[in-house]
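# Structure assessment
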Amino acid sequence: MATLSVLAYTGLEGGWRGMQVSLQDYAESSSMAKVWIQAIHVEEAQLNEAKKIPGVDAVEKRVIRSAEVASDNGDTSWLSLTSTANADSWRVSVPSVVDGEPVTDAGEGIWVSPRYRDANELVQGNQLTLTVAAPGGRREVTVPIRGIVQSPDQLYDVKESLFLVPEPGMFSYGFITPATAQKLWGPSWEDAASNSILVSGDDSSGTVDELWDCFDEQGLRITTRQTDSHISAAYDRVTVIRNVSMLFSALFLLVGVLAMYSSTRRLVDSELKTIATLQSMGYGRGELRLHFSMFGMLAGVAGSVVGLAVAPLLSRVVLRSQSTQFDLPHWRVAYTWAPLLVAVLVVVACVAGGYLASGSALTRSPALLMRPGLVRASRAATRLRRLGNGHRYGIRWAIRDTASNIARFLMGIIGVAGCLMLLFTGFGLPDTMQNRAESSFSADSMDYDFRVDMGGLPQVTTPIEGLGSNPQAIMQMPVMTDPSDGYDRVITVLDENDRFHLRTQDDQAVVGDGLWVTSDTAERLRLDAGSPVRLRLPRGLGDLDLTVSGIVSAEMPQGFFMSRQGWESLGMVFSPTSMLVGSDADVTQVLDDPRVLDVVSRADQQSNSLNIKESLGDIFNLMRVMAILLCIIVLYSLGSLTFDERQRQYATLSVLGMSPGELRRLSSVEVVASALIGVVLGIPGGAWFLDLYLAQFASPRLQYLPYITSLSVTLAVVIAVSSALVTTIALGSRIAGINMVDALKEAE
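Conventions used here
Residues numbered from 1 in each chain as written. Predicted model: local features only at pLDDT ≥ 70, side-chain atom pairs only at ≥ 80, totals over all residues. Heavy atoms only, no water. Helix = DSSP H or I, 4+ residues; strand = E, 2+ residues; numbered from the N terminus. Buried < 20%, exposed > 50% of the residue type's maximum accessible area, 1.4 Å probe, protein only. Contact = heavy atoms within 4.5 Å. Arc of directions from axis to C-beta. Polar contact = N/O pair within 3.5 Å; in protein donor to acceptor, adjacent residues only side chain to side chain. Pairing = 2+ DSSP bridges. Core = buried A, V, L, I, M, F, W, Y, C linked by side-chain atoms within 4.5 Å. Axes fitted to C-alpha atoms, helices over the stretch in contact; angles between N-to-C directions. Left-handed = near helix turned anticlockwise from the far one by under 90°. Nonpolar A, V, L, I, M, F, W, Y, C, P; charged D, E, K, R; others polar. Expected span 1.5 Å × (residues − 1). Bend = angle between axes of the 7 residues up to and from the residue. Lys, Arg positive; Asp, Glu negative; His and termini not counted. Salt bridge = Lys/Arg side-chain N within 4 Å of Asp/Glu carboxyl O. Patch = residues over 30% accessible without salt bridge, like charges linked within 9 Å, V, L, I, M, F, W, Y side chains within 5 Å. Areas by Shrake-Rupley, 256 points an atom, 1.4 Å probe, with all protein chains shown as cover. Phe/Tyr/Trp six-rings, centres within 6.5 Å; stacked < 30°, edge-to-face > 60°. Lys NZ or Arg CZ within 6 Å of the ring centre and 35° of its normal. Charge placed at Lys NZ, Arg CZ, Asp CG, Glu CD.

This part takes up the overall build of the chain. When you go through the chain residue by residue, the secondary structure sums to 21 helices and 19 strands. The buried share of the chain, reckoned over its 748 residues, is 52%. The long-range fraction of contacts in the chain, counting pairs at least 24 apart against all pairs at least 6 apart in sequence, stands at 81%.

Below, the discussion takes up helix H2 (residues 44-51). For H2, every residue scored as buried is listed here: Gln-46, Leu-47 and Ala-50. In a view along the axis of H2, the buried residues occupy a sector of 100°, so they form one face of it. Structurally, H2 contributes buried residues whose contacts are with strand S2 (56-70), strand S9 (194-201) and helix H5 (205-214).

Turning our eyes to something else, we now look at the environment of Gly-682. Examined against the element boundaries, Gly-682 turns out to sit in helix H19 (residues 660-697). In this structure, the C-alpha to C-alpha distance between Gly-682 and Leu-422, residues 260 residues apart in sequence, is 9.4 Å. The contact partners of Gly-682, leaving out residues within four places of it in the chain, are Ala-417, Leu-420 and Met-421.

As for its placement among the helices and strands, Asp-449 is situated in the loop between helix H13 (406-440) and strand S11 (450-454). Sequence separation between Asp-449 and Ala-603 is 154 residues; the distance between their C-alpha atoms is 7.5 Å. Beyond its immediate sequence surroundings of up to four residues, Asp-449 is in contact with Val-581, Gly-582, Ser-583, Val-600, Ser-601 and Arg-602. At 3.0 Å, the side chain of Asp-449 forms a polar contact with the backbone nitrogen of Ser-583.

On to the pairing of strand S14 (residues 515-518), then. Both faces of S14 are covered, namely the face carrying Leu-515 and Val-517 and the face carrying Trp-516 and Thr-518. With four bridges connecting them, S14 and strand S16 (residues 543-552) associate as parallel partners. Considered in S16, the bridge of Trp-516 is made with Gly-550. In this sheet, strand S17 (residues 559-563) lies alongside S14 in antiparallel orientation, the contact comprising two bridges. Bridging across to S17, Val-517 finds its partner in Phe-560.

Our focus in this paragraph is the nonpolar core. Proteins that are soluble and globular tend to have nonpolar side chains buried together. Ranked by size, the top nonpolar core spans 116 residues in total, and within it Ile-491, Leu-535, Phe-560 and Trp-567 carry the most contacts. Non-local contacts of Ile-491, meaning those with residues more than four positions away in its chain, are made with Met-475, Gln-476, Met-477, Val-479, Leu-515, Leu-535, Phe-560 and Trp-567. Grouped together as the second largest cluster of nonpolar side chains are 22 residues, Val-143, Ala-181, Trp-189 and Ala-193 included.

Here we come to the packing of helix H1 (residues 2-29) against helix H8 (residues 285-323). Where H1 meets H8, the axes come as close as 6 Å, and the angle between the chain directions of the two elements is 35°. Viewed along their axes, H1 and H8 form a crossing whose handedness is right-handed. Here the residues of the contact of H1 with H8 sort into 13 nonpolar, 12 polar and no charged.

Spanning 39 residues, H8 covers 56 Å between terminal C-alpha atoms, matching the ideal 57 Å at 1.5 Å per step. A bend of about 35° at Ala-311 is the largest found in H8, and the proline Pro-312 appears one to four places after it.

Before going further, it helps to examine unusual backbone geometry. Cis geometry marks the peptide bond from Asp-482 to Pro-483; its omega dihedral reads 10°. Within the element layout of this structure, Pro-483 appears in the loop between strand S12 (472-482) and strand S13 (489-494). A positive phi angle is found at Ser-31, which is not glycine, with a value near 55°. With respect to the helices and strands, Ser-31 occurs in the loop between H1 and strand S1 (35-40). Of the residues examined, Ser-31 reaches a relative accessible area of 33% and is grouped as partly exposed.

A few words now on the side chain of Arg-499. Assignment of secondary structure puts Arg-499 in the loop between S13 and S14. For the buried Arg-499, no salt bridge is present, and the opposite-charge side chain at shortest range is Asp-447, 4.5 Å distant. Within polar-contact distance, the side chain of Arg-499 engages the backbone oxygen of Ser-469 at 3.1 Å. Engagement of the side chain of Arg-499 in a polar contact is seen with the backbone oxygen of Asn-470, the distance being 2.6 Å. In contact with Arg-499, not counting residues within four places along its chain, are Ser-445, Met-446, Asp-447, Tyr-448, Ser-469, Asn-470, Pro-471, Gln-472, Leu-580, Val-581 and Gly-582.

On the surface, a nonpolar cluster with roughly 240 Å² of combined accessible area is contributed by Val-306, Val-310 and Leu-313. On the secondary structure map, Leu-313 appears in helix H8. Accessibility expressed as a relative area gives 56% for Leu-313, which makes it exposed.

This part covers the packing of aromatic side chains. Enumeration over the complete set of coordinates arrives at seven aromatic pairs. Between Trp-688 and Phe-689, the ring centres sit 6.2 Å apart and the planes meet at 40°, which makes this aromatic pair tilted. Exposure remark for Phe-689: the relative accessible area of 4% places this residue in the buried category. The ring centre of Trp-90 lies 3.9 Å from the NZ or CZ of Arg-62, which sits over that ring. Positioned over the ring face of Trp-16 is Arg-242, at 6.0 Å from the centre of the ring.

A cluster of acidic residues, Asp-447, Asp-449, Asp-498 and Asp-584, forms a negative patch at the surface. Within the secondary structure layout, Asp-584 lies in the loop between strand S18 (578-581) and helix H16 (587-591). Classification of Asp-584 by relative accessible area gives partly exposed; the value is 44%.

Considering all chains together, one arrives at 16 salt bridges under this definition. The partner of Glu-60 in a salt bridge is Arg-62, and the shortest N-O contact between them spans 3.0 Å. Among the ionic contacts, a cluster of salt bridges with common partners joins Asp-495, Arg-564 and Glu-568.

Geometric values such as these leave the question of function open.
Okay, structure coming up:
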């Protein structure tokens, strides 16, 4: 038990602390930016103005455009391509070369990310055919892959508006030379490109505000390491795993301490005759307590050493589960001093078990210690004796014995309830993520088959061909808020045609042209129906002072919703960024339109949302396995303690005529009762603990509502009850092996 307790915390800490240190190392070695500004048509004068802001060390501009890639097997992917112009002078967020040539602005070619290479089975020297929309049709350019590079600006390479987790085979990033960009888009290719301004130095709120003022008219979004979705996801994952490990380990240790205490007490109780002999020889209580406390210390130290030694293996499992999603060149296990403190706590718990158990024994005289197993009537036993009225003597005896050992009975209840809470979390977390994926992209929530992304068109004067019947246009725009929690939000403006189904928390359809806010955003910003809120729009569009009409239950995207009619009534221009279309859309024809950036199916979005469950699957499995082991060990330890204390009484009852079968049934009364009461308390406790756990996974852009299937609840309860039954069977088999003569002669 000491080994499992130390292993549970240390193994998880090695994962999150290792990821944290790996992030810090990469941020320093790559000179990762502190602030990112997305803008259009940035002038050199604006960059110079930003460089003059106190606390700003460096400001650099990257030019970015997207291109489509068709593979040999017919699959389509899209790359966000950054120009390598002036790459030799880059000092902020410098990409690291994994394979091939260093990034340069000379010649023609492309550098792709390691994940894109692996997903598409590419190697340096392969040719990629890039396709872009051009006047009069589509333009294709074939370029060689000159190298494989990692970008510190894409730690979490996810298409934020579409997916929860990276899909490197479909969306990724790359770098192209200016000559290649010119062949793709022509001499004026930078005019329609977006700019990413990278800033190193101070990222305090004051500096961020000054930087935003420099690019206010052209600025689309400003983020920091704490708020940029491509960066913050990695740091947030460290926090999530840390908080999860602490919650899990705290409950695990609490229940584990009970098992360690009962095990150490059993060890001491087995030496009662030795204690009596030593007392008779003149040894004092202090000496005996110290001696038997060492029993617990030896067990605790041995278990802690084994747990610390095995923990790196578990830590590597945790790191491996995260390395499939985050782009870091190196991963390593790291620890703080906390595991040693946990080991000390475990040793102290074992020592306390030996100390308290020996202290209880030393309050009795040597003569009584030579007669172990005698039950002393207590007031609790006297009050509870009437519960056995009407039952046979055996049942009355079992109730009396349990009442005489209330502490032991309560430990059994706490052990079962704690294990059930851990099982609820182990089963409930994947159930919640599965339910979120199914409900968010179900026909009840979103009635579309494909999402067509565009570049934010002020007017669609010429309809896009191939959209099919009843397409719904939506516009999504990042906004800063007042009140604020430091994160920007997305406002989604919905046109007519109800393909995006928005519902209130009371499951009513949203009506009206007001401003609606998602529940998690409302909670974080402390908003409610009727609350005033200010939205600061990008590109110098000004501020909107609005009143919240109500709260909606959408889990993604988090932020604000409004109808097109309500948006335009404020004097704003509706600029569609996406179209939601049905199964009758002609995807090939849609992609031929130069205004279209990419097309993604709802099925792909739903499949992607399940990937986060798979990325954490090893951690979930670990939680379930350790909860099951804990449940069995705790119940068996407490059951063994009960058996040892009752051994002489079982012998007496056997001599009085009870069969081994009847004795086994009596021995099961306390274990089964504590298990049933533990289940009754553990079910609501498990629901509460699951909700507490999910709070660690929530982010300003994503909310998880607790959900656990009836099958998972049943399975968790069956595991807890089965552990009790297995313990009962295992202990019952020991009754037949009691030596009646040895058990009874001690009373002489």
